[in-house]
Amino acid sequence: MSKQAMIEAKNLTIGYGDFDLLKNTNYVVNESDIFIIMGSSGCGKSSMLRVLTGLLPPKEGKVIIDGVDMQNAPTKQIQKIREKSGILYQSGALFSSMTLAENIALPLEQYSDYSPATIKELASLKLALVGLKGFDNFYPSEISGGMKKRAGLARALALDPKILYFDEPSAGLDPISSRNLDDLIIEINQSLGTTIVVVTHELASIFAIGNNSIFLNGATKSITARGDPKELLKNPPNQEVYEFLTRGEKNATK
Amino acid sequence: MSDDMKISKSDNVQIFAKNGVLQVVFCADVENTSYDIFEKDFLNTLNDNIKTIKIEAKNLKNWDSSLLLMVFKAIEYAKKNNIKYDISSLPDNLQNLSDLAFAVDRKPTKNTKTRLPFLDNVGFKTILLCRTISGVLTYIRNVLSSLGRLISLKSVMRKVDFLAALEECGPKAIAIVALISFLVGLILAFVGAVQLQTFGAQIYVASLVTIGMCRIMGAIMVGIIIAGRTGSAYAATIGTMQVNEELDALQTMGISKFDFLVLPRFLALIISMPILTMLADIMGMIGGAFVGVVLLNLPAQEYWKFAFNAFTLKNFLVGIFHGFCFGIIISLCGCYSGLNCGRNADSVGISTTKSVVSAIVWMIVATGIITVICQELGI
Ligand SMILES: Nc1ncnc2c1ncn2[C@@H]1O[C@H](COP(=O)(O)OP(=O)(O)OP(=O)(O)O)[C@@H](O)[C@H]1O
Ligand SMILES: [Mg+2]
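The paragraphs below set out a description of the structure included in this document. None of the values given here were measured: they were computed from a predicted structure.

### A few points about the overall build of chain A
- Counting its regular elements, chain A contains nine helices and 10 strands.
- Counting all 254 residues of chain A, 54% fall into the buried class.
- Of the contacts made within chain A by residues no fewer than 6 positions apart, 64% connect residues no fewer than 24 positions apart.
- Total accessible area on chain A stands at roughly 11,300 Å², and carbon and sulfur atoms take up 49% of it.

### Remarks on the pattern of salt bridges
- Applying the stated criterion to the full structure yields 16 salt bridges over all chains.
- A:Asp66 is the salt-bridge partner of A:Lys162, the closest N and O atoms lying 2.9 Å from each other. Here A:Asp66 lies in the loop between strand E4 (60-65) and strand E5 (68-69) and A:Lys162 lies in the loop between helix H5 (145-156) and strand E7 (163-167), a separation of 96 residues in the sequence.
- Note on A:Lys162: relative accessible area 39%, which makes it partly exposed.
- Classification of A:Asp66 by relative accessible area gives partly exposed; the value is 36%.
- Among the salt bridges present, the one from B:Glu168 reaches B:Arg229, with a minimum N-O distance of 3.6 Å.

### Things to note about the pairing of strand E8 (residues 195-199) of chain A
Residues and elements named next belong to chain A.
- Counting buried residues along E8, five of its five residues qualify, which places the element largely inside the surrounding structure.
- Across the two faces of E8 the burial is the same, with Thr195, Val197 and Val199 and Ile196 and Val198 all buried.
- Bridging between strand E3 (residues 34-39) and E8 involves four bridges; their strand directions are parallel. Along E8, the bridge assignment pairs Ile34 with Ile196.
- Note that the unit made of E7, helix H6 (residues 175-192) and E8 has a crossover that is right-handed.

### Considerations on the site of ligand 1
All names here are of chain A.
- Taken together, Tyr16, Leu21, Ser41, Gly42, Cys43, Gly44, Lys45, Ser46, Ser47, Glu168 and His201 make up the full set of residues adjacent to ligand 1.
- Within the contact set of ligand 1, an oxygen atom lies 3.3 Å away from a backbone nitrogen or oxygen of Cys43.
- Ser47 is positioned such that a nitrogen or oxygen atom in its side chain is 2.5 Å from an oxygen atom of ligand 1.
- The fraction of the free accessible surface of ligand 1 (640 Å²) that becomes covered by protein chains is 56%.
- If one sorts the elements of the shell around ligand 1 by residue count, helix H1 (residues 45-52) sits on top with three residues.
- Looking at the shell around ligand 1 residue by residue, the classes come out as three nonpolar, six polar and two charged.

### Notes on the packing of helix H7 (residues 205-243) of chain B against helix H12 (residues 345-377) of chain B
- Contact geometry for H7(B) and H12(B): axes closest at 8 Å, N-to-C directions at 150°. The two elements H7(B) and H12(B) cross, and the hand of that crossing is right-handed.

### A few points about the state of the cysteines
- All chains considered together, the criterion is met by zero disulfides over all chains.
- A disulfide-free cysteine, B:Cys325 has its sulfur positioned 9.9 Å from the sulfur of B:Cys374, the nearest such atom.

### Observations concerning the sheet that holds strand E9 (residues 212-217) of chain A
All names here are of chain A.
- Pairing in this open sheet of six strands is mixed, and the strands run E6-E7-E8-E3-E9-E10 from one edge to the other. Edge positions in the open sheet fall to strand E6 (85-88) and strand E10 (222-226), since each of these has one partner strand only. Across the sheet, the mean angle from the axis of one strand to that of its neighbour is 20°, orientation sign disregarded.
- The pairing of E6 with E7 spans four bridges and is parallel.

### Quick look at the sheet that holds strand E1 (residues 13-18) of chain B
Residues and elements named next belong to chain B.
- Strand order in this open sheet of four strands is E1-E2-E3-E4, and the pairing throughout is mixed. The open sheet has two edge strands, E1 and strand E4 (84-86), and neither has a second partner. Taking the axes of each pair of neighbouring strands and ignoring which way they run, one obtains an average angle of 15° across the sheet.
- Here strand E3 (residues 52-58) pairs with E4 via three bridges, running parallel. Paired with Lys54 across the bridge in E4 is Asp86.
- Those strands touched by helix H1 (residues 35-45) are E1, strand E2 (21-27) and E3, and its axis lies near 10° from that of E1.
- Each of E1, E2, E3 and E4 is contacted by helix H2 (residues 65-80), which is oriented at about 165° to E3, the strand it contacts most.

### Topic: the packing of H7(B) against helix H11 (residues 313-339) of chain B
All names here are of chain B.
- Between H7 and H11, whose axes approach to 8 Å, the crossing angle comes to 15°. Here H11 runs roughly parallel to H7, going by the angle between their axes. Once H7 is placed against H11, the crossing between them reads as right-handed.
- Taken together, the residues of the contact of H7 with H11 break down into 16 nonpolar, 12 polar and one charged.

### Notes on the side chain of B:Thr352
Residue and element names in this part refer to chain B.
- Inspection of the secondary structure assignment puts Thr352 in helix H12.
- There is a polar contact of 2.6 Å between the side chain of Thr352 and the backbone oxygen of Val348.
- Once residues lying within four places of it in the same chain are set aside, the contact partners of Thr352 are Ser232, Ala235 and Ala236.

### Comments concerning the nonpolar core
- By size, the foremost hydrophobic cluster in this structure holds 82 residues, and its most contacted members are A:Leu100, A:Leu153, B:Phe26, B:Phe42 and B:Ile55.
- The biggest single contributor to this core is H2(B), with nine residues.
- When residues no more than four places from it in sequence are discounted, the contact partners of A:Leu153 are A:Leu88, A:Val130, A:Leu164, A:Phe166, A:Leu181, A:Leu184 and A:Ile188.
- If you look at the next biggest cluster of nonpolar residues, it comprises 42 residues, including B:Met157, B:Cys169, B:Tyr234 and B:Phe326.

### Points about unusual backbone geometry
- Residues other than glycine seldom take positive phi values, yet B:Asn32 does so here, at roughly 55°.
- Tracing the sequence through the fold places B:Asn32 in the loop between E2 and H1.

### Let's talk about the environment of A:Asp174
Residues and elements named next belong to chain A.
- Note that Asp174 resides in the loop between E7 and H6.
- On the basis of relative accessible area, Asp174 is assigned to the partly exposed category, the value being 38%.
- Asp174 sits 28 residues away from Gly146 along the chain, and the two C-alpha atoms are 8.3 Å apart.
- A polar atom in the side chain of Asp174 sits 3.0 Å from the backbone nitrogen of Ile176.

### Quick word on the interface of chain A and chain B
- Contact with chain A, which involves 29 residues of that partner, is made by 31 residues of chain B.
- Of the roughly 2,500 Å² buried between chain A and chain B, counting both surfaces, carbon and sulfur atoms make up 61%.
- Scanning the region where chain A abuts chain B turns up two salt bridges.
- Among the salt bridges present, the one from B:Lys73 reaches A:Glu121, with a minimum N-O distance of 2.7 Å.
- The interface formed by chain A and chain B contains nine residue pairs in polar contact (both at pLDDT 80 or more).
- Listed by contribution, the elements that provide at least two residues to the side of chain A that touches chain B are helix H4 (116-129), H5 and H6 of chain A.
- Class assignment for the residues of the side of chain A that touches chain B results in 12 nonpolar, 10 polar and seven charged.

What counts as what
Residues numbered from 1 in each chain as written. Chains lettered and ligands numbered in written order. Predicted model: local features only at pLDDT ≥ 70, side-chain atom pairs only at ≥ 80, totals over all residues. Heavy atoms only, no water. Helix = DSSP H or I, 4+ residues; strand = E, 2+ residues; numbered from the N terminus. Buried < 20%, exposed > 50% of the residue type's maximum accessible area, 1.4 Å probe, protein only. Contact = heavy atoms within 4.5 Å. Areas by Shrake-Rupley, 256 points an atom, 1.4 Å probe, with all protein chains shown as cover. Salt bridge = Lys/Arg side-chain N within 4 Å of Asp/Glu carboxyl O. Pairing = 2+ DSSP bridges. Right-handed = clockwise from strand over helix to strand, strands pointing away. Near = heavy atom within 4 Å. Polar contact = N/O pair within 3.5 Å; in protein donor to acceptor, adjacent residues only side chain to side chain. Nonpolar A, V, L, I, M, F, W, Y, C, P; charged D, E, K, R; others polar. Axes fitted to C-alpha atoms, helices over the stretch in contact; angles between N-to-C directions. Left-handed = near helix turned anticlockwise from the far one by under 90°. Disulfide = S-S within 2.5 Å. Parallel < 35°, antiparallel > 145°, perpendicular 65-115°, else oblique. Core = buried A, V, L, I, M, F, W, Y, C linked by side-chain atoms within 4.5 Å. Buried area = accessible area lost by both parts, 1.4 Å probe.

Here it is, written out as structure tokens:
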């Protein structure tokens, strides 16, 4: 079964000011993929995510999401796409003055026609889905870092997104919590068919969840490898990718 | 179909009750369904004979969370009332999701706020007040001991921090202080002139402005500007450091936050406030002269003669002393609010507001006290 393209990056050049981070990158994220963006620190992974989510305009090229050109399409269409994407920020980015339930209800109140009662119930459902059943009336300051991430995920899930973006989901989590979060990501991907884009350098996560990936290189400002991470490990295309995926083994087999 | 059957209003969600089995059937597209209507139908259809709840899907195509919510709530109801339920004919992914929603790994525990009886409440508030007072006193003691360390050259205050703070509340505040005090001098002269004109004594505008600005108005205007401009910035900066756990980092490194954060700001303000007050005095007098000479057509020489006659070193020094005290108050209030900030974004806003309000209140109180003392001493 050939999958449909959900996100297409065409000749994307990104950077800040005069400084280019990545030049002329092309890649495609298919529907229902779990797509990993990896690379060494500072090579522009977070910046790539900011471009995909529309927080940072690309210097050149364009991003096409679900057939909509995110740079040139009418604002209404772009807004529609944005409503259908959920983002989990590194720290959760929950609004500290609102309870968890209110945090999740916020996008629902903005963009859906549900009645207040339904919104309330939906918010508790989303919390239950991420394992936070009954935490509705807690404030972000009253829960742990891992729980904040889950709550952030619940908020990202609020509008039944087609695409979910994660920036380093396992950063700052213990191995078990991070494993649980991976399981949750897979579960959401399989049950809801959500396309998921993950920036991470947690090797365990990369192999556990990813079925497609790109490897960014800050020095050459380009994509130096792409494909299923497990395949990349078996047939590393270059020394750098081999070292990255094996935590710095020096002798590449090929 | 039998007579105890019931169909829900929406066609895509149907609820039947038959032979002790309550059947919920989802068909075709179930999107954006309102939960309230479902709940009413569901509860209406329920009766004591129901022993099983069966949730099924027929030709289900598109669905969203609102369907999941109905499944979730129906199962929850069944679990609570010990009714059997059956979701085996739902698509696998829906079953998985509902399993996920019921997988609880940790129970929420939270201290609930209880309303105290009146007397308990009074006692509680009194204890809170005492704690605040002792907190403020400890704070002042800490600042003083930090000053002591500075004098005995044991302080870890960094010179750059002090210079940066000094620049922030000194040179960078000159323009706004000059402008505002010029305008205040102008206003004082105008208001005074209207009254004095009735006695033909316009020339005394010069004395009025000089005495008013030098003795008190200059210092008060500078105090209010700096409280809003610098005091609030202190509270916001230190408060944000609290939120970012930077204060915790300082503490674990064994660095005194009083030496490191409070002292440079404190010193910067007690140095710059008297100087800014002098500036305000001068600018106020110029503002007064502008009104007197340009608008009231008083001869310039005459005006300045009256102004200088009214000027006394005593008044001038009292004004400067006010400025000095206000500097202490603003920096202490700003840093105190920052250090006692909560740990989220909201609390930074609250502590900023607190710093400005408390600084202004204490400045007025201090003015009152200084005035009474001057009265007693005959200054
Ligand atoms: N707002 C900005 N303005 C200017 N330069 C920036 C900005 N944000 C990031 N950069 C620069 O862009 C480069 C890439 O940053 P980015 O955050 O995308 O890296 P990353 O791949 O996510 O790294 P990490 O793995 O450490 O998170 C860095 O060198 C950084 O200094
Ligand atoms: Mg990053």
